[in-house]
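One letter stands for each residue in the lines below.
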Amino acid sequence: MRIPDDAEIRALHERLAPSPQAFTLVYTHCEIVARIASQLAGPGVDPALVRAGCLLHDIGVYRLGAGEAYIRHGVLGHEALAGLGFPETLSRFCSHHTGVGLTREDIDRQGLPLPVGDYVAETGEERLVMYADKFHSKSAPPRFVSAAAYTVAVARFGEEKAAAFKAMVAEYGEPDLSRLAAEYGHAMS
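Reading guide: rules and limits
Residues numbered from 1 in each chain as written. Predicted model: local features only at pLDDT ≥ 70, side-chain atom pairs only at ≥ 80, totals over all residues. Heavy atoms only, no water. Pairing = 2+ DSSP bridges. Helix = DSSP H or I, 4+ residues; strand = E, 2+ residues; numbered from the N terminus. 1 Å grid on protein atoms, 1.4 Å probe; cavity = no way out; pocket = protein on both sides within 12 Å on 5 of 7 lines; lining within 4 Å. Points joined across faces, edges and corners; volume = space filled by probe spheres on them.

S.K.: What exactly am I supposed to notice about the sheet that holds strand β1 (residues 136-137) here?
M.R.: Within a sheet, adjacent strands bond to each other through the backbone by hydrogen bonds, running parallel or antiparallel. One open sheet holds the 3 strands; their spatial order is β1-β2-β3, and the pairing between them is mixed. Since the sheet does not close on itself, it has two edges, and those belong to β1 and β3 (187-188), each with one partner. As judged from the 2 bridges shared by strand β2 (residues 143-144) and β3, these two strands associate in the parallel manner. By the bridge assignment for β3, Arg143 is matched with Ala187.

S.K.: Whenever I open this one, the layout of surface pockets confuses me. Can you help?
M.R.: Size it by volume and the largest pocket reaches roughly 680 Å³. Along the walls of the largest pocket sit 26 residues, with Thr98, Gly99, Lys134, Tyr150 and Arg156 positioned nearest its centre. Contributing elements (two or more residues each) for the lining of the largest pocket: β1 and α8 (147-154). Looking at which element gives the most residues to the lining of the largest pocket, the answer is α8, with 4 residues.

This is how it looks when you write it as structure tokens:
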């Protein structure tokens, strides 16, 4: 499988973004997630695949319609990449990075507007992208998120979700966000 390089992925973001502001918000977030993942990557993962996954994971945000539930951005990104001929390995980074994974039961119990299925990170690369994504938010204004803050936030979906995140913290460790926060001028929570 050929993995697209940074320039190709940036050009795709520029082409799909509905505005320069959307491009800046989403692409900057994706770059930050890639930098976080590079801090945390251990042996056994393909660094080029992780980087591409980080840079592509939120591409579906551009396809969200007015009033459309944000949770749909993952499946929309998967559809967009698949429609452009990207392999399933890359498309899955979009649909399998939300929260600490979404199961059929989650979709049914929460009444989520998603096709019924399991959207759970399965490979080491998918897990690392999903985990790294939790440490930066595209909120207004964008901010970095500590492991403690994310644990509290995800617990509202069930203690099992908080436990899953804590297991990832134990597996990967916590990234050093202070330099990134200073570099990007984003606050910490």
